[in-house]
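Inside the fold
As a plain string of letters, each chain reads:
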Amino acid sequence: MRLDKFLKVSRLIKRRTVANEACDAGRVLVNGKVAKAGLNVKVGDIIEIHFGNREVKAEILNVAETVRKDEAKGLFRYL
């Protein structure tokens, strides 16, 4: 699954366009490397997102095309 879509589906970032902008600005890292929005992510990848002075780090546990809001937390775990 594309990185920008995973960020939206998992609700780490609310909208796909915002996820694209964050990737283009170099604020999203996958496994320690700056990632483009089209990068394919898989189970076990570590995602880091930098929001100004805040940082979110999460590991992908599952990849699904669509999930309900209450099930979105099951796609990743915070580190």
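Rules used throughout
- Residues numbered from 1 in each chain as written.
- Predicted model: local features only at pLDDT ≥ 70, side-chain atom pairs only at ≥ 80, totals over all residues.
- Heavy atoms only, no water.
- 1 Å grid on protein atoms, 1.4 Å probe; cavity = no way out; pocket = protein on both sides within 12 Å on 5 of 7 lines; lining within 4 Å.
- Points joined across faces, edges and corners; volume = space filled by probe spheres on them.
- Helix = DSSP H or I, 4+ residues; strand = E, 2+ residues; numbered from the N terminus.
- Nonpolar A, V, L, I, M, F, W, Y, C, P; charged D, E, K, R; others polar.
- Contact = heavy atoms within 4.5 Å.

1. So, the layout of surface pockets
- Size it by volume and the largest pocket reaches roughly 180 Å³.
- Lining the largest pocket, in full, are S10, R11, L12, K14, F51, R54, V56, K69, A72, K73, F76 and Y78.
- Residue assignment for the lining of the largest pocket shows that the elements contributing at least two residues are strand 4 (54–60) and strand 5 (76–78).
- When its residues are assigned to classes, the lining of the largest pocket shows 6 nonpolar, 1 polar and 5 charged.

2. Some points on the environment of L79
- Note that L79 resides in the segment after strand 5.
- Those residues within four positions of L79 in sequence are excluded, and the remaining contacts are I46, K57, A58 and E59.

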